[in-house]
Amino acid sequence: MAIMNVNPTRMELTKLKQKLVSLRRGHKILKDKRDELMRQFLLLVKENKELRLKVEQSIREANNHMSLANMIMSREEIDVALMMPTQKVGLDVKKKNIMSVSVPSFDLKMKSPDKSDVYSYGFAFTSGELDLAVKAVSEILPDMLRLAELEKTCQILSAEIESTRRRVNALEY
């Protein structure tokens with residue numbers, strides 16, 4: 001332990017005792033914060049893993065449908081069919097607070113709640129595989145945004161856990 005030069009007075013003893021009580025309380029609070037951040041982090045990582053598998057599977061299916069549509073239709077026909085989208089998508093970014101750590105929160109805003117608005121073309125001159133690909137991509141979008149939110153939150157929380165862990169260790173040693 002480091003040797004401190006202090007005046008051997010009752011006043012200095014009282015100040016040091018108060019400082020020790022304050023440091024112990026701060027240490028306990030930081031340990032509690034670290035533990036709760038770890039708990040939140042592990043929950044988010046578990047959700048992230050499950051959602052990532054779901055999104056990757058959905059993207060694989062959409063990609064398969066798009067590949068089949070490319071085989072059936074020419075590139076120009078697909079470009080013309082997808083040229084003028086009818087559905088507009090907005091993203092509302094907010095901040096959420098987890099144990100005094102600001103993390104992003106994404107909210108998807110669709111122009112119209114009608115699910116059939118994702119098709120910007122007539123069905124007469126396009127293949128059914130293109131319809132399935134467009135539908136699959138439109139269904140993946142909210143999950144992809146949630147996945148992005150989770151991954152950024154995990155990244156921010158891991159940095160905060162590391163910082164808090166260092167502060168706890170500094171107080172202990």
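Residues numbered from 1 in each chain as written. Predicted model: local features only at pLDDT ≥ 70, side-chain atom pairs only at ≥ 80, totals over all residues. Heavy atoms only, no water.

Undergrad: Account for the side chain of Asp143, naming residues and giving values.
TA: Position of Asp143 relative to the elements: it lies in helix H3 (residues 128-172). A residue is classified by how much of its surface remains accessible, and Asp143, at 19% relative accessible area, is buried. A polar side-chain atom of Asp143 sits 3.1 Å from a polar atom in the side chain of Lys54. Among residues more than four places away in sequence, those in contact with Asp143 are Leu51, Lys54 and Val55. (Helix = DSSP H or I, 4+ residues; strand = E, 2+ residues; numbered from the N terminus. Buried < 20%, exposed > 50% of the residue type's maximum accessible area, 1.4 Å probe, protein only. Polar contact = N/O pair within 3.5 Å; in protein donor to acceptor, adjacent residues only side chain to side chain. Contact = heavy atoms within 4.5 Å.)

Undergrad: So what's going on with the packing of helix H1 (residues 10-72) against H3? Which residues, and what values?
TA: At a closest axis distance of 6 Å, the pairing of H1 and H3 adopts a crossing angle of 160°. As judged from the angle between their axes, H1 and H3 are roughly antiparallel. The interaxial crossing formed by H1 with H3 has left-handed handedness. Taken together, the residues of the contact of H1 with H3 break down into 29 nonpolar, eight polar and 14 charged. (Axes fitted to C-alpha atoms, helices over the stretch in contact; angles between N-to-C directions. Parallel < 35°, antiparallel > 145°, perpendicular 65-115°, else oblique. Left-handed = near helix turned anticlockwise from the far one by under 90°. Nonpolar A, V, L, I, M, F, W, Y, C, P; charged D, E, K, R; others polar.)

Undergrad: I'd like a rundown of the nonpolar core, residues and numbers included.
TA: General note: in soluble globular proteins, nonpolar side chains tend to be found buried as a group. Grouped together as the largest cluster of nonpolar side chains are 16 residues, with contacts concentrated most on Leu37, Phe41, Leu44, Leu51, Val55, Val101 and Leu157. Elements with a minimum of two residues in this core: H1, strand S2 (101-110) and H3. No other element matches the seven residues that H3 contributes to this core. With near-sequence residues (within four places) excluded, Val55 lies in contact with Ile140, Asp143, Met144 and Leu147. (Core = buried A, V, L, I, M, F, W, Y, C linked by side-chain atoms within 4.5 Å.)

Undergrad: Before we move on, can you summarise unusual backbone geometry with the specific residues and values?
TA: One non-glycine residue, Met99, lies in the positive phi region at around 50°. Here Met99 is to be found in the loop between strand S1 (89-98) and S2. Here the phi dihedral of Ser100 falls at roughly 60°; this positive angle occurs in a residue that is not glycine. Assignment of secondary structure puts Ser100 in the loop between S1 and S2. Ser100 gets classed as exposed once you look at its relative accessible area, which sits at 58%.

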